[in-house]
Amino acid sequence: MNASAPIPRPPKPLLTVTGLTKHFALKGGLFGQSRGVVRAVDDISFEVGEGETLGIVGESGCGKSTTARLLVDLISPDSGDIQLGGKLVGSELPIRELRRQVQMVFQDSYASLNPRLTMEDAISFGPMVNGMARNAAVRLAHDLLARVGLEPRRFAGRYPHELSGGQRQRVNIARALAFSPKVVVLDEAVSALDKSVEAQVLNLLTDLKAELGLTYVFISHDLNVVRYMSDRVMVMYLGQVAEVGPVDAIYGAPAHPYSRALLAAMPSMDPDRRTMEAPLAGDPPNPINPPPGCRFHTRCRFADAVCSMSDPGLYTMGTPGHLAACHLHIPASGHKAAELAA
Amino acid sequence: MLTYIAKRLIYTLPVALGVSIVCFMLVHIAPGDPLTSVLPPDASAQLQAEMRKIYGFDRPLIVQYGLWALKTLQGDLGVSIATGRPVAAELGKALGNTLMLAVLATFIGFVLGCLFGFVAGYFQNSWLDKLASFVSIIGVSVPHYWLGMVLVIIFSVQLNWLPATGAGPGGSADWAWDWVHVKHLILPAVTMSVIPMGIVARTVRALVADILSQEFITGQRAKGLLDGGVFRHVVKNAAPTALAVMGLQLGYLLGGSILIETVFSWPGTGFLLGQAIFQRDLPLLQGTILVLAMFFVALNLVVDVIQSMLDPRVQRA
Amino acid sequence: MSAAALDSLATIEKSPGYWSGVMRRFRRDPVAMLALAIILGLVLMAIFAPWIAPNDPYRGQMLRRLRPMGTPGFPLGTDELGRDMLTRLIYGARLSLLMGVTPVIIAFFIGSAIGIAAGYVGGWLNTVLMRTVDVFFAFPSVLLAIALSGALGAGIFNGLLSLTIVFVPPIARIAESVTTAVRKIEYVEAARASGASSFTIVRVHVLGNVIGPIFVYATGLISVSLILASGLSFLGLGVKPPEPEWGLMLNTLRNAIYVQPWVAALPGAMIFITSISFNLLSDGLRSAMDLKA
């Protein structure tokens, strides 16, 4: 670690997640007995600073979406704590309050909207169930429609099937904003949109963040988009955090072999930046029975004996706030390459 | 495959248990004392008390159920009040007659239903389709007991071609596959076949239309496969579902034959049920319902298993 | 922003809703409209029977038994007790419609409640409710109706009760499966994330999306129910003599088929017309709602 470099003060943590775990029991067999557990999210901890955007990346099935659903309490965790603004959710902060302050936008813009409700009704529903009078809620809905770039006069009375994907996603964003939330979790919120529309929605998100002082958790499998949006990035693999750190550190000097492989596979516009490292081979192992030790060792080019035996845990890399879970970078971990480095 | 069959079997057990409980309760939901169903109305109070003990009506319901189920499993369905004979014996004969009628009706209904359904689905939106769809909607809408009456009016009363009622000169005792007997079977079987015909036609039409709209058929046609080849594909893909529908219809007919058997005085289970209702013969009612319902449960199981053998997609559902 | 939004309140472009689209498509379906007209006609006939019917439905004369159609004063003939057939057919619509339609309406509410609760709550409640439903579903419907009313005995109330019990399980099954499907869609999750209570979510987001398919399914059951209800009376269960009811009339006229066959067949024709109209209406609704068969 370089002690002389000025450590940028991390923003005050708004959302603190500690040891969050969610396993799904897999029912089946003759008597509906359990056939195993899917370790969807397995003991993850992270912080999201006030006003920052945390990007979460990883292959499908790595636990990104489960993490998102845990954050807004759509599913309850098996263990682990969530603190919002320093208050422990569930005891110091009621869950209802968490749901108001942390809102979510889903990937499927069409499925996210009730086909029987007009846009006005869809947006005003939340405020109304939270006690706002109908007239005020409708006025708020019109306000928000205008704010996300949809003229209320034209769109308030429309139904979801009459809107384009981009327009629907704007409505979904407006609905999330109706609660004046502190945090918005965007779960693949732009992934299903056309590239040109995606760019517009991303710009809208950036503007809204600046205007309203929002904090984003931005989940996507699109590394380019995550880089564009995020201040910090968290890489997940099979329900665990592989690496987390400032966006420049992750994209500039990825430490975890998995992050490197992911980034190597990322399409680039720069002809000089060709794929140098071998992209990932094969699919992620079954999350029902994750491999012991480091979960990535079955696909890792640098795997050594120690990797299949012990779980490395997150370890601080060169840049402050940059952590990776890889024996390769842990001195005296028992990994041959780590010995050499030491 | 084996797991699926085992799973299906194990799922059937609680359903069969539930069915038996419902049948058991039939006697107890009947208004008045269940004793009235086994005693003459003028029985003395002392006799009533004795009988209550003998029949176990003084014990808790759950114990009564246990004893009843035990007896039933041994094939003892009690004694008919009207005839004084064991219900099981009465049922045996009747069940054979009903099965004969229901199987024949299902067969006719299946053949005609497939024909109408196939024509309708294959020539979608043509006048043939409209006609076949119309016939099938009549099939599911017509009160079959009335249709039976109308057929009797036409073929027995007006034309005098076929007998109106019964199962032959000697009742059902001396059934034989000769014209004297078979002519009694024609009208009830045709009447009964209208129900499965309508439903099979609807199902087959939807199946054929669905299969024809799929890409692999378009591909086959593009490859120059003649209509005969397309036909083979359609049959292969539609057969499992069509057969399953047929199996279930057979079950429905077994249970639902009562109205038609009443119209034609056909000596089957339905006729027996009609008698039981008319004479308030609760043991006979209970036994007949139980046997028919269990038959239906078993048939469901068999249909599911056969369908899963024919169509591997079913197991995943 | 707020002022602009306020201005816009007055001039919002309202899109036609889902149901107005359904109604528009439904109105363009000539077969369904014809079926609806026939059903409305039958309902009006039932309501205004005392004003329309030419004679007393209960009083007959033994001297004029089983007259053919076209007899002066009795255009559709007379029955086995010399009562006017036309009058009794008109009055018959009352009990036949009541016995056929009421069970489906009651079962629609009970079955939907059971199915939506089982589908939305899931877990053990689903298991308990749906396994119970499975038991009743394991009986062929005709058999169950006859078993129940056979045990309960004849009578209008017992008939209605039996038929209601018969139609709850199929409706509950459909309701459960559509609700389970809707519950997994993101807009329900979004509503949960807004902190709404389960009751509110079911009322606003689930009900509107499941009630259409359940309703169409239930309308399809009305024709079955009509045939079954009249069938019960035909067997001597359900409605008791001397009430005019089509199934019961068919039963009492059964022996008259050798004397006046076509007069005896008339009540069944009424059942048939009513049942096919409800079937066509249900088909029309189904395609207007764009549901798969």
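Rules used throughout
- Residues numbered from 1 in each chain as written.
- Chains lettered and ligands numbered in written order.
- Predicted model: local features only at pLDDT ≥ 70, side-chain atom pairs only at ≥ 80, totals over all residues.
- Pairing = 2+ DSSP bridges.
- Helix = DSSP H or I, 4+ residues; strand = E, 2+ residues; numbered from the N terminus.
- Contact = placed C-beta atoms within 7 Å.
- Axes fitted to C-alpha atoms, helices over the stretch in contact; angles between N-to-C directions.
- Nonpolar A, V, L, I, M, F, W, Y, C, P; charged D, E, K, R; others polar.
- pLDDT = per-residue confidence, 0-100.
- Buried ≥ 20, exposed ≤ 12 C-beta atoms within 10 Å, placed from the backbone.
- Core = buried A, V, L, I, M, F, W, Y, C linked by C-beta atoms within 7 Å.
- Parallel < 35°, antiparallel > 145°, perpendicular 65-115°, else oblique.
- Left-handed = near helix turned anticlockwise from the far one by under 90°.

## Concerning the sheet that holds strand β7 (residues 183-187) of chain A
Residues and elements named next belong to chain A. Spatial ordering of the open sheet is given by β6-β7-β8-β3-β9-β10-β12-β11, a layout of 8 strands whose pairing is mixed. Two strands in the sheet have a free side with no partner beyond their single neighbour: β6 (102-105) and β11 (315-316). One ladder, built from 6 bridges, connects strand β9 (residues 232-237) with strand β10 (residues 240-246); its direction is antiparallel. Within the sheet, the bridge partner assigned to Met234 lies in β10 and is Val244. Contacting β3 (53-57), β6, β7, β8 (215-219) and β9, helix α1 (residues 64-71) runs over the sheet at an angle of about 150° to β8. On the sheet, helix α6 (residues 165-177) packs against β6 and β7 and is oriented at approximately 170° with respect to β6.

## Some remarks on the interface of chain C and chain B
The interface of chain C with chain B comprises 35 residues on the first partner and 42 residues on the second. Only α6 (123-137), α7 (141-152), α10 (198-234) and α12 (261-288) of chain C provide two or more residues apiece to the side of chain C that touches chain B. At 9 residues, α12 of chain C tops the list of elements feeding residues into the side of chain C that touches chain B. Taken together, the residues of the side of chain C that touches chain B sort by class into 24 nonpolar, 9 polar and 2 charged.

## Side note on the confidence of the model for chain C
As a note on interpretation, predicted positions should not be read in detail where pLDDT is low. All names here are of chain C. Residues with a pLDDT of 70 or more make up 96% of chain C, whose mean pLDDT is 88. Ranking the elements of chain C by mean pLDDT puts helix α1 (residues 2-10) last with 50 and helix α3 (residues 30-47) first with 95. Residue range residues 1-5 is modelled with pLDDT below 50. Its contacts to residues more than four positions away, or to other chains, number 10 contacts. Complex prediction metrics read pTM 0.85 and ipTM 0.86.

## Observations regarding unusual backbone geometry
At the junction of Pro241 of chain C and Pro242 of chain C, the peptide bond is cis and its omega measures out at 5° in the coordinates. Examined against the element boundaries, Pro242 of chain C turns out to sit in the loop between α10 and α11 (246-252). Located in the positive-phi region is Ser180 of chain A, a residue other than glycine, with phi close to 45°. Summarising the element assignment, Ser180 of chain A is placed in the loop between α6 and β7. Positive phi values are uncommon outside glycine, yet Glu188 of chain A reaches one of about 55°. Looking at the element boundaries, Glu188 of chain A is found in the loop between β7 and α7 (195-212). Owing to 20 C-beta atoms within 10 Å, Glu188 of chain A belongs among the buried residues under this scheme.

## Structural notes on the nonpolar core
With 256 residues, the main nonpolar core has Leu145, Val185, Val217 and Val235 of chain A, Val200 and Ala293 of chain B together with Ile171 of chain C as its most contacted residues. Looking at this core element by element, the count peaks at 18 residues for α10 of chain C. Not counting chain neighbours up to four residues away, the residues in contact with Val200 of chain B comprise Gly109, Phe110, Gly113, Cys114, Gly117, Ala242, Val245, Met246 and Gln249 of chain B.

## A word on the packing of helix α1 (residues 2-29) of chain B against helix α12 (residues 282-310) of chain B
Residues and elements named next belong to chain B. Close contact between α1 and α12 brings their axes to 10 Å; oriented N to C, the two are set at 165°. When the axis of α1 is compared with that of α12, the two are roughly antiparallel. In terms of crossing hand, the pair formed by α1 and α12 is right-handed. Across the interface between the two elements, Tyr4, Ile5, Arg8, Thr12, Val15, Ala16, Val19, Ser20, Cys23, Leu26 and Val27 of α1 pack against Leu282, Leu285, Gln286, Ile289, Leu290, Ala293, Met294, Val297, Leu301, Asp304, Val305 and Ser308 of α12.

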